[in-house]
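# Chains, contacts and geometry: an overview
Each chain, letter by letter, is given below.
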Amino acid sequence: MIPLDIVGLKHIVLLSIWIDYLWEQYLCARQYQKSVVVVEQPIILKSAMTKKAYDKARTYMLKRKRFTFVKDFVHVITSSIIIVYEILPMSWAHVASFTHLDETLRNSIWYLAFTTCLSILYLPLTIYEVFVIEYRRGDEFLAWHKLKTFIWSQIILMIISSALVMVIQRGDEVLIQLWITLCVIIFLVGTLYPLLAPSKFRQLTRLPEGSLRTKIFNLASDLHFPLKEIFIEERFKRPSCQIIYFYGDSITKNIVLCDQLIAKDEGDGCSDEEILALVAYEFSHWYYNQAFKYVVALEVNLTFYFGAFYFLFKNPQIYQTFGFVEERPILVGVYVVLKYAMGFYSTILSFLFLQVSRYFIKQNDRFVTRMGKGEELVRALVRLEKMNSAFPVYDWLYSAWHHDKPGLIERIANIRNDDFKFE
């Protein structure tokens with residue numbers, strides 16, 4: 001391993017944590033300022049959002065960001081204290097005294113106790129978030145939901161952590177095998193999921209004969225898309241996943257439209273041309289083979305992340321930096337590397353991965369625009385915004401670091417500025 005100065009390495013870890021913190025506060029400050037300035041809703045969104053809904057979303061955004069400033073400050077101070085005063089070896093010493101217990105069990109007990117203590121430390125912030133910020137949004141069971149989530153997450157993490165300790169105990173070869181296994185799983189899920197027809201587990205009806213059906217089949221024929229059938233999926237609540245998707249093998253594919261897209265007597269839904277623009281948007285995923293490219297990007301991201309973790313985890317200086325001189329508890333090492341040593345590195349990887357997704361979205365929008373359906377896509381996106389109660393105005397830099405797709409206003413600007421014709 002590369003010899004590193006322990007004191008210098010500790011300063012590097014602290015510096016990376018604070019750089020990551022300060023950068024995040026800068027981004028949040030930009031978004032907060034954006035929310036303060038944009039008092040009136042943009043003209044393009046007036047048909048999608050009432051003034052009352054816009055003001056409510058804007059107020060919530062401002063409260064949420066003010067709370068985030070305080071919460072992030074408490075977290076970075078806590079992390080700094082843990083590193084400077086070597087809290088981790090002190091907490092491990094209490095668990096390490098249980099020598100009669102298996103190493104895996106001791107690691108799991110430490111993790112449960114340490115994370116629970118942190119949760120108790122952050123309890124005032126959690127109470128304020130639940131009963132002041134979120135509760136006013138109308139969720140009467142939010143506190144109970146948060147408690148259940150915490151309990152279940154602790155149970156699941158205990159199981160995962162125990163399994164992780166047992167895997168690492170088996171040696172480097174098993175750790176590398178774990179990485180290979182994860183890569184294979186991601187590849188299989190990413191490439192086979194569209195072939196497994198998830199819609200078979202949902203209530204589908206065949207799209208009736210008519211102009212919309214004819215137009216979709218004509219569009220598929222123009223693009224040589226292997227369309228077999230078109231279905232409508234009935235949803236009784238606001239859709240939580242894609243409103244249009246397709247599935248099937250390379251020879252035959254089926255398209256599924258959410259029933260909320262279909263125009264109804266009360267005026268809801270999209271017109272045929274707007275639906276056609278959304279269908280063209282979905283066709284662009286297939287046209288550019290984005291599903292496979294996304295899987296490749298995910299594999300590359302995992303490889304870089306796993307490589308950095310492996311190098312740091314196997315470096316004894318990392319343990320010494322956090323106060324472990326003789327012992328090298330496995331789960332503590334995993335926690336230290338993922339939580340502190342790789343924090344800034346993870347932020348950079350996450351940002352780069354988001355850019356891949358955002359590039360695909362821009363590519364899809366440009367595809368529809370070049371087909372001459374840009375304005376129809378804009379109208380459809382505005383209609384779909386009615387399903388989203390979140391604040392719709394974002395600072396461009398904040399959005400670039402936090403969202404996997406550009407904001408609606410940014411997307412509309414890109415669509416209307418792209419005057420290329422489909423080739």
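The structure contained in this document is the topic of the report that follows. (Residues numbered from 1 in each chain as written. Predicted model: local features only at pLDDT ≥ 70, side-chain atom pairs only at ≥ 80, totals over all residues. Heavy atoms only, no water.)

## A few points about the packing of aromatic side chains
Inspection of every chain in the model, using the stated rule, returns 28 aromatic pairs. Each ring, one from Phe114 and one from Tyr335, has its centre 5.5 Å from the other, and the planes form 80°; the classification is edge-to-face. Residue Phe114 is located in helix H4 (residues 103–121), and its partner Tyr335 is located in helix H12 (residues 330–341); the two are separated by 221 residues in the primary sequence. The class for Tyr335 is buried, based on a relative accessible area of 12%. (Phe/Tyr/Trp six-rings, centres within 6.5 Å; stacked < 30°, edge-to-face > 60°. Helix = DSSP H or I, 4+ residues; strand = E, 2+ residues; numbered from the N terminus. Buried < 20%, exposed > 50% of the residue type's maximum accessible area, 1.4 Å probe, protein only.)

## Quick word on the packing of helix H9 (residues 272–287) against helix H13 (residues 343–370)
Closest axis-to-axis distance for the H9/H13 pair is 9 Å, and the angle between their directions is 125°. Taken together, the axes of H9 and H13 lie oblique to each other. Crossing angle aside, the handedness with which H9 passes H13 is right-handed. Residues Ala277, Ala280, Tyr281, Ser284, His285 and Tyr287 of H9 form the contact with H13, whose own contacting residues are Ile361, Asn364, Asp365, Phe367 and Val368. Of the residues contributing to the contact of H9 with H13, the split by class is 7 nonpolar, 3 polar and 1 charged. (Axes fitted to C-alpha atoms, helices over the stretch in contact; angles between N-to-C directions. Parallel < 35°, antiparallel > 145°, perpendicular 65-115°, else oblique. Left-handed = near helix turned anticlockwise from the far one by under 90°. Contact = heavy atoms within 4.5 Å. Nonpolar A, V, L, I, M, F, W, Y, C, P; charged D, E, K, R; others polar.)

## Some thoughts on the nonpolar core
Core analysis: the largest hydrophobic core is formed by 40 residues, its most contacted members being Ile216, Ile255, Leu257, Leu261 and Val279. The set of elements that each furnish at least two residues to this core consists of helix H8 (211–223), strand S2 (227–233), strand S3 (244–248), strand S4 (253–258), H9, H13, helix H14 (374–384) and helix H16 (408–417). Ranked by residue count, the leading element in this core is H9, at 8 residues. Among all residues touching Leu257, those that are not within four sequence positions of it are Leu207, Ile216, Ile230, Phe231, Ile232, Glu233, Ile243, Ile244, Ile275 and Val279. (Core = buried A, V, L, I, M, F, W, Y, C linked by side-chain atoms within 4.5 Å.)

## Description of helix H5 (residues 123–134)
The complete set of buried residues in H5 reads Leu125, Glu129, Val130, Ile133 and Glu134. In a view along the axis of H5, the buried residues occupy a sector of 130°, so they form one face of it. (Arc of directions from axis to C-beta.)

## Describing the pattern of salt bridges
Pairing is possible between side chains that carry opposite charge, provided their charged atoms lie close to one another. This structure, assessed with the given rule, holds 14 salt bridges. For Asp395, the salt bridge is made with Arg30, and the minimal N-O distance between the two is 2.8 Å. One end of the pair, Asp395, is in the loop between H14 and helix H15 (396–402); the other, Arg30, is in helix H1 (residues 6–37), and 365 residues separate them in sequence. Arg30 gets classed as partly exposed once you look at its relative accessible area, which sits at 23%. (Salt bridge = Lys/Arg side-chain N within 4 Å of Asp/Glu carboxyl O.)

## Description of the pairing of S4
With 6 of 6 residues buried, S4 is to be regarded as a mostly interior element. Alternating residues of S4 divide into Lys253, Ile255 and Leu257 and Asn254, Val256 and Cys258, and every residue in both groups is buried. Pairing of S2 with S4 involves 6 bridges; the strand directions are parallel. Across the sheet, residue Phe231 finds its bridge partner in S4, namely Val256. Where S3 lies against S4, 5 bridges are found, and the strand directions are antiparallel. Pairing of Tyr245 across the sheet is with Val256, part of S4. From the end of S3 to the start of S4, which pair antiparallel, there are 4 residues. (Pairing = 2+ DSSP bridges.)

By themselves, these are just geometric observations and shouldn't be taken as functional.
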